[in-house]
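# An overview of the molecular structure
Residue strings, one per chain:
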Amino acid sequence: MKILGIETSCDETGIAIYDTEQGLLADALYSQVKLHAKYGGVVPELASRDHIRKISPLIKSVTQQANLGLSDLDGIAYTSGPGLIGALMVGASLGRSLAWGLNIPALAVHHMEGHLLAPMLEDNPPKFPFIALLVSGGHTLLVSVKAIGSYKILGESLDDAAGEAFDKTAKMLGLAYPGGPILAALAQKGDPDVYHFPRPMINRPGLDFSFSGLKTYALTTWQKSTQTDTDRANIARAFQDAIVDTLFLKCRRALKQTGHQRLVIAGGVGANSALREKLQQLNAEIFFPRLAFCTDNGAMIAYAGAMRLYAGQQEEAVIQTRPRWSLEDLVVPSCQKERG
Ligand code: KG4
Ligand code: ZN
């Protein structure tokens, strides 16, 4: 089965074709970073309009890359949520309508399920069950994963997501947009012994996170410093160390509490090299997607949709967008239910 995946939940137009027999056939991404940079963050209306401009040329480009025509497709998977409503509407309306025109099924995919399954696109995919640490711009989740669609949230951020904390702290330090990767690069130049930031909520039981205090801590430290480039790098380092350590400790706790032996890390912050290195110290098998599939992409949506269509999931012919949507509300495809 050849499935076209469409991702337009935020500021990246991602399109891909996944074949259940041959794997990923084509993948293309257009990032709107330059468009939003001068505003210091994503402007939702501009994002929607740019998705409209880029989506059709990208679909054309992936079908050409895969040497396929639209009539070779067996289904279309589009990101239905969570995300920016206008941006989601672009992918959902085009995806659903195209499927209607081609008389093939369309599936509404959960963006975080896409992230969670992204490591399945690699050569050594994780086997179920596993724990997933999902760290993106909008979410920080620890999830117990039994099978596709069978997700139990073990912990989540009570305020800012990890990526959001990176972005806001970067902005406060006067770094360019998008802040996360820029702050991470600067942190590599920082001295780890100058500042020590707290590790939020590690002394409380449970697996929830809270990152908004760290942002304030970084601001106060910056204001009290002499505000040189060296101070900026040292603060970036202390901030990143605090986030990485906190995520590490909570993953270790989640593995211990559940007895799981596999950990999947996905979402934009999963591209952070300090985090990738630190998590290798865990006593578990660790799985990451390649860097390009940590951040938003069409391949993960094509894959999630392909797995669900292959399992026989069907949906009504309606355009579905859900700006808020819990992973725990997803359906388990029926053939997996039978397997238990
Ligand atoms: O998964 P993603 O592309 O989009 C959402 O679903 O939100 O994640 C984007 C987030 C942004 O907050 C970005 O700053 C962060 O991931 N990010 C990073 C790195 N690369 C992306 N944060 C820390 N270090 C990185 N290397
Ligand atoms: Zn994402």
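Residues numbered from 1 in each chain as written. Chains lettered and ligands numbered in written order. Predicted model: local features only at pLDDT ≥ 70, side-chain atom pairs only at ≥ 80, totals over all residues. Heavy atoms only, no water.

## Examining unusual backbone geometry
In this chain, Phe-128 is followed by Pro-129 through a cis amide linkage whose omega measures -5 degrees. Topologically, Pro-129 is positioned in the loop between α4 (111-117) and β6 (130-135). Unlike most non-glycine residues, Asn-67 shows phi in positive territory, near 60 degrees. Counting through the fold element by element, Asn-67 comes out in the loop between α2 (44-65) and β4 (75-81). The class of Asn-67 is exposed, set by a relative accessible area of 71%. Within the chain, Met-201 stands out as a residue other than glycine whose phi angle is a positive 65 degrees. With respect to the helices, strands and loops of the structure, Met-201 is situated in the loop between α6 (179-187) and α7 (212-224). (Helix = DSSP H or I, 4+ residues; strand = E, 2+ residues; numbered from the N terminus. Buried < 20%, exposed > 50% of the residue type's maximum accessible area, 1.4 Å probe, protein only.)

## Comments concerning the site of ligand 1
The environment of ligand 1 is made up of 19 residues, and the closest members are His-111, His-115, Gly-137, Asp-167 and Asn-272. In the environment of ligand 1, an oxygen atom lies 3.0 Å from a nitrogen or oxygen atom belonging to the side chain of His-115. Taking 550 Å² as the accessible area of ligand 1 by itself, protein coverage stands at 86%. (Near = heavy atom within 4 Å. Polar contact = N/O pair within 3.5 Å; in protein donor to acceptor, adjacent residues only side chain to side chain. Areas by Shrake-Rupley, 256 points an atom, 1.4 Å probe, with all protein chains shown as cover.)

## Details of the packing of helix α5 (residues 162-172) against α7
Relative orientation of the contacting elements α5 and α7 amounts to 15 degrees, with a least axis distance of 9 Å. By the criterion of interaxial angle, the relationship of α5 to α7 is roughly parallel. Crossing hand, α5 versus α7: right-handed. Facing α5, whose interface residues are Lys-168, Thr-169 and Met-172, α7 presents Lys-215, Ala-218, Leu-219 and Trp-222. Residue classes in the contact of α5 with α7 are distributed as four nonpolar, one polar and two charged. (Axes fitted to C-alpha atoms, helices over the stretch in contact; angles between N-to-C directions. Parallel < 35°, antiparallel > 145°, perpendicular 65-115°, else oblique. Left-handed = near helix turned anticlockwise from the far one by under 90°. Contact = heavy atoms within 4.5 Å. Nonpolar A, V, L, I, M, F, W, Y, C, P; charged D, E, K, R; others polar.)

## Topic: the nonpolar core
The biggest cluster of nonpolar side chains holds 41 residues, and the ones touching the most others in it are Leu-133, Ile-265 and Leu-279. In terms of residues, this core owes the most to one element, helix α8 (residues 229-258), which gives 13 residues. With near-sequence residues (within four places) excluded, Leu-279 lies in contact with Leu-133, Phe-248, Cys-251, Ile-265, Ile-286 and Phe-288. With 37 residues, the next largest nonpolar core counts Ile-3, Leu-107, Tyr-151 and Leu-327 among its residues. (Core = buried A, V, L, I, M, F, W, Y, C linked by side-chain atoms within 4.5 Å.)

## Describing the side chain of Ser-144
With respect to the helices and strands, the residue Ser-144 is situated in strand β7 (residues 140-147). For Ser-144, the residues in contact, after removing those within four places along its chain, are Phe-130, Ile-131, Ser-150, Tyr-151, Lys-152, Leu-154 and His-260.

## Notes on the sheet that holds strand β9 (residues 262-266)
Taken in spatial order, the five strands make up an open sheet running β8-β7-β6-β9-β10, and their pairing is mixed. This sheet does not close on itself; its edge strands, each paired only once, are β8 (150-156) and β10 (285-287). Direction aside, neighbouring strands of the sheet carry axes that sit 25 degrees apart on average. Relative to β9, β6 runs parallel, the two sharing four bridges. (Pairing = 2+ DSSP bridges.)

## Examining the coordination of the zinc ion (ligand 2)
Binding of the zinc ion (ligand 2) to the protein goes through His-111 (NE2), His-115 (NE2) and Asp-296 (OD), at separations of 2.0 to 2.1 Å. The class of His-115 is buried, set by a relative accessible area of 0%. Taking the relative accessible area as the measure of exposure, Asp-296 reaches 12% and is therefore buried. (Donors = N, O, S within 2.8 Å, 3.2 Å for Na, K, Ca; no water.)

Just geometry here; none of it tells us what the structure is for.
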